[in-house]
Every structure is written in structure tokens, then in C-alpha cells.
Amino acid sequence: MPMKPLKQIVFSSIIVASLLGSSSAWAAGLDADALKTGNGQILSDVSTLAGIGEFEDTDGASLEAAFRAPGSVLQMTDGSLLIADTRNHVIRKVNGGQVITFAGPEVAILKNSQGFPTGGLLDGKASEAFFNEPSGLAQDAKGNVYVADAGNNAIRKIDASGMVSTVAGNGVPGNKDGKGAAASFNHPSDIAVTADGTIYVADSLNHAIRKITTDGQVTTLTASASRVIQIRPGEASFAGDFNDGALAKAAFNEPSGLALDSKGNLFVSDTGNQRIRYIDFGTGLVTTVAGSTPTVTTSSIYGKNELYAEGDFADGEALKSKFDFPKGLAVTSEGGLIIADSLNHSVRYLLNGKVTTLAGTLQTGETDGVEQAAQFYNPTDVLVTTQGNLIVADASNNKIRKITPYQLPSSISNDGKVKVVSGTKLISFDAQPEIQDGRTMVPVRAISETFGYKVTYVERAGKSVVQLSKDDLTVELTIGETGIVKKQTGAADRKIETDVAPYVKQDRTYVPVRFFAEQIGLDVQWDAAHQTAILRTKSFVK
């Protein structure tokens, strides 16, 4: 049977999301339903959904629009996306291939001496309201949108009629519980909203998790910051700390990402501690579920006068994995957690006690492509759409990116025949591909012409040589001999060893698809269940 498209298996997930009032939709079984590489990597394709990459403020066609450090993404019930365009101090909307300003002035009214927009605090109609570095976004079951308005040290609300109001906070940084404007925050970075309208806040620079009830009452759930460091000679400051255990005594260090799970409990991206924490409201306990750092002393994970624990990168067992300033989070229906690992410039996945990298590399860049051939630059938030795709706020690239789990063409069946696909298109051959010595062999002309290569046969020293040419590249294969020769203008010829030789069968020349494809820059994977070789372009920049 062919793989089921993800869009056909997310219905129950959508229902769950609506019941929870979650800030992110839930994916179908991302890992369970995925095609994977031989080493377990989930196959996916990364593309640019919106933004040209310039640090600007431009509405219009999605791939011509411009953002300034987008910090958060949210999917609305109508399928459109909201973007917290942090450094433009507005909320943008992406729908139908167009970007518009959803809340905040369409044209920046306040600017600094360098000409960049500056924020403000003003309630009222969405088009007349002001924000200041809006960061986290969430939506409740009634369709109200909530904004962690970081630079205003406030939590704002945009109701269904388009009116903006301030739920809590007053624009002044502080650390005070109370009701509405009597409460104060210090750079709140993210929020999560339950079905009953309770709001949880990652109050980053207070190093705390706060709670806002439906009547606007703000309380602090976790311990206050008490670690003191010297930031310069003669000047000390409070810093975040680390402690698991009872919620009231748990300590955090600049928490900046929140996500509710199916039980109504809370995942926290504990950014300055390089960990993912979990608040179980039923037991009242906080535990670490992923991430680790070197222990500097028996009682501390911090170096002397260091604000943060040491960041690093490692996949594997969750409590041995390593992150570098993890931020935005999104929960999947199979109980997994998508993580925007900002300074590792990658998107990670926590599932069943293991952490894997879905896409991205430690090297910064804006390249689109497959899995870890793609590049990000400081991704700050992630979202799983109702269609089963992942959306990434790629902050320092000023783009919104999309990670699409790879699916075979719907026409592919498990009929026992060897097949080859280019992207999502089945390649048609005039003779059946086959397996020889564990290698997929295909008729050379069809595979070459699919990718725009000219096939030429030449005789050389009594041997038949197949030349595959395009632009300045020629790949030569000799019938009956292993190895290929790669010729490129301006470079020395390269002979590359292979363990299988081309051969002639029924007047068709068969070549190993993997070696040919890899030499022209394609990613090659094998799906044993459908006897299908999958060829995809590794990377490209739009």
C-alpha cells in the first residue's frame, strides 16, 4: 500500500488542539509515519515560505515580503499564519501567498536615529495599536490572539473583532504579582494558553514561569532568581539558576519557550540552562527531560560569574543531549517535542527519550534543501501546521521557513518492482530498473535525460565509454569496469571508485543510480518497503 499522505491523518490531532487551546497545532505521527534514511534521519525538504532575507518591512507577495527578526509563528483556525515581526514591532499575517500587517501600524511611525522602527505601547484598533518587540504568540479556543510583548513587559490580547488590549503588565520592567496593570514583567518571551483561558508566561529576565488567570490575576509559580554574579568590577547582578523538584522551588535561567502537552502540562525551553524542562501540574514537580551541561562544581553548572550554562551540540539519549540556547517549542500528537535550537542553527526533535536533528547544521546560512543540507540562522520558534508541515521563524535570516516531511508520490505501490523517483515524480523507464549485487541499476538514457544530461557513447582503447554531459561537467563510466571519472572545466579529472560496473542488457546500458546521482549533487535514499530509490536536490538558495 502507498504511504498515507499526512493531510489524511491529522483530523484527530486538530480536534485535540482545539480542545487544548494550544498555541501550536499538532502534527500527525511525525516519526511514526515518516520515511527515513538508513541511519534513521527523517526525510524532509526545507523551503522558504516568506521573506527575501533583507532586514526590512515590506508587505506583498510572500517571497517578496521582508521581515525584521521574526520571533514567533502561530497558525490561525483558518489556516493562515501570524508572525511576530519582532524588530518591526508588528504582527504580520501570511495567507494565500500574501503577507499583510495584522496588528500594528502598516507603516512605521516611530523611528530611531538610524531610521529603524521603534515600538510603543498603545491599545485600540489593531491598525492603530503599538507593540514593542512582540515575541511569543498564542491563541485561545475563542480565537483571541495573545502576544508576549517583550519590549513592553506586558501581555497583550487581539480579540476576534480586531481590538488590542493589555491583559497584564504596564510597560515598566519589574517583578511583581498582582492584577492586570498592577503586575509587572521583565521581557516576557513566550506564552501558552489553555482551553479555559489560563495564560502561562515565560518571563525571561525574571527567570520565572508566571500564570495569569482569566480575571487577569498574575502569580509567580517558580522560585525567584537568587544567584549573584559580578558583571564587572564592583558591580553585581542577579542571574538565573537551575533546580529541579517542587514547582515553587524550581529555578530557571531565561526561559523563552513554552508548549502545552495533551495532559495540560508544560514544556519549558530553559534557554540559559541549555535544557528542556517539564512542569507536571498534577504532581507539582519540575524535571529535566532533555539537555545536559558540564558540571563546573559539585553544586553548580555555571562557571564563575557566568550568566549561562555552557552550550554545545549532541544528539542521542535525551539527558545526555546538548543544546545551545534552545527557544521555541511545539508538541506533536505522538508526544514528541520540536525544538528551535537557536545557536545550533537547527531544528531538533525530542521523542521517546532521544533527541535527533530534523534539519539544519551548525554552520549558519539560508540554503534551502534536504534535512541537514539546509541551513538556518538563529531559528527562534517552531510550529506544526494542521497539514503536518513544520514552520520555522528563522530570525537572523529574516525569513519564515517550511520543513515538509517527504512523501512518496501517491501512485507508488508496493508491487515488488524497482522504482526511481525524482523529488515527488516517478521516473518512467523503457526497461525495468533492477537490483544487482545490492545496487539499484537503471537504464542510463532515461535517468540522464531526467536531469538534463546528454548521453554519448565513445570507444576508447577497445572499451565502450558512456559520457554523461551537462554544462561544464562530464561523468564517464566504462562498460564492464568499476569506477567513474568526473571531468569538470578548470579542474583536474577525478577518478572515483565504485563497487559495481555498468553493463548492457537487451540493448540498454544499465548504470548504478546512486553513484551517478551523487556525482551530480543529488541526495539518494532507498525505501525498501516500496523498492524505490529517492533522488532529491540536496540544496539550493532561492
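Definitions and limits used
- Residues numbered from 1 in each chain as written.
- Predicted model: local features only at pLDDT ≥ 70, side-chain atom pairs only at ≥ 80, totals over all residues.
- Heavy atoms only, no water.
- Phe/Tyr/Trp six-rings, centres within 6.5 Å; stacked < 30°, edge-to-face > 60°.
- Helix = DSSP H or I, 4+ residues; strand = E, 2+ residues; numbered from the N terminus.
- Buried < 20%, exposed > 50% of the residue type's maximum accessible area, 1.4 Å probe, protein only.
- Lys NZ or Arg CZ within 6 Å of the ring centre and 35° of its normal.
- UniProt positions renumbered as here; feature names shortened; annotations may be inferred.
- Salt bridge = Lys/Arg side-chain N within 4 Å of Asp/Glu carboxyl O.
- Core = buried A, V, L, I, M, F, W, Y, C linked by side-chain atoms within 4.5 Å.
- Contact = heavy atoms within 4.5 Å.
- Domains from an automatic or database assignment.
- Buried area = accessible area lost by both parts, 1.4 Å probe.
- Polar contact = N/O pair within 3.5 Å; in protein donor to acceptor, adjacent residues only side chain to side chain.
- Pairing = 2+ DSSP bridges.

1. Notes on the packing of aromatic side chains
Then comes step 1: Evaluated as defined, the whole model comprises 5 aromatic pairs.
Then comes step 2: Look at Y200 and F281: their rings are 4.9 Å apart centre to centre, the planes differ by 15 degrees, and that puts the pair in the stacked class. Taken together, the residues span a long stretch of sequence, with Y200 in strand 14 (residues 199–203) and F281 in the loop between strand 22 (275–280) and strand 23 (285–290) at a distance of 81 residues.
Then comes step 3: Under the relative-accessibility criterion, F281 is labelled partly exposed at 28%.
Then comes step 4: Sitting above the plane of the Y302 ring, R227 keeps its charged end 3.6 Å from the centroid.
Then comes step 5: It is R277 that lies over the ring of F252; its NZ or CZ is 4.4 Å from the centre.

2. Observations concerning the UniProt feature "repeat: NHL" (unreviewed entry) in the protein
Then comes step 1: The sites that carry the UniProt feature "repeat: NHL" (unreviewed entry) are, in the present numbering, residues 131–161, 179–215, 252–282 and 375–406.
Then comes step 2: Helix makes up 0% of residues 252–282 and strand makes up 55%, while its end C-alpha atoms are separated by 20 Å.
Then comes step 3: Structurally, residues 375–406 comprises 0% helix and 56% strand, and the distance from its first C-alpha atom to its last is 17 Å.

3. Regarding the pattern of salt bridges
Then comes step 1: Counted by the stated rule, this structure contains 31 salt bridges.
Then comes step 2: The residue D57 makes a salt bridge to R92 at a minimum N-O spacing of 3.6 Å. You can see D57 sitting in the loop between strand 1 (44–50) and strand 2 (60–61) and its partner R92 sitting in strand 5 (residues 90–95), a full 35 residues away along the chain.
Then comes step 3: For D57, a relative accessible area of 23% translates into the label partly exposed.

4. Overview of the nonpolar core
Then comes step 1: Counting residues in each nonpolar core, the largest one holds 26 residues, and the members touching the most others are V420, I447, F451, L468 and L535.
Then comes step 2: Sequence-distant contacts of V420, defined by excluding residues within four places in its chain, comprise K425, L426, I427, F429, V442, I447, A533 and L535.
Then comes step 3: Listed in part, the 19 residues of the second largest apolar core include V347, L358, V382 and I403.

5. Quick look at the domain arrangement of the protein
Then comes step 1: Along its sequence, the protein is organised into domain 1 (30–405) and domain 2 (419–540).
Then comes step 2: Measuring from the centre of the C-alpha atoms in domain 1 to the corresponding centre in domain 2 gives 45 Å.
Then comes step 3: The junction of domain 1 with domain 2 conceals about 780 Å² of combined surface from both sides, 58% of it contributed by carbon and sulfur atoms.
Then comes step 4: On inspection of domain 1 and its partner domain 2, the count reaches 2 salt bridges.
Then comes step 5: R536 is paired through a salt bridge with D45; the nearest N and O atoms lie 3.4 Å apart.
Then comes step 6: Counting the contacts that link domain 1 with domain 2 gives 4 residue pairs in polar contact (both at pLDDT 80 or more).
Then comes step 7: Those elements giving two or more residues to the side of domain 1 that touches domain 2 turn out to be strand 1 and strand 29 (368–370).
Then comes step 8: Of all the elements, strand 29 adds the most residues to the side of domain 1 that touches domain 2, at 3 residues.

6. With respect to the sheet that holds strand 44 (residues 522–527)
Then comes step 1: Spatially, the 4 strands line up as an open sheet ordered 34-33-45-44, and their pairing is mixed. Of all strands in the sheet, those with a lone pairing partner are strand 34 (425–426) and strand 44, marking the two edges.
Then comes step 2: Relative to strand 45 (residues 532–537), strand 33 (residues 419–422) runs parallel, the two sharing 4 bridges. Looking across to strand 45, one finds that K419 is bridged to T532.

7. What to know about the sheet that holds strand 3 (residues 70–75)
Then comes step 1: With respect to topology, 5 strands assemble into an open sheet ordered 2-6-5-4-3, the strand pairing being antiparallel. Two strands lie at the open edges of the sheet, namely strand 2 and strand 3, each paired on one side alone.
Then comes step 2: In this sheet, strand 6 (residues 98–103) lies alongside strand 5 in antiparallel orientation, the contact comprising 5 bridges. The partner of V94 across the bridge, within strand 6, is V99.

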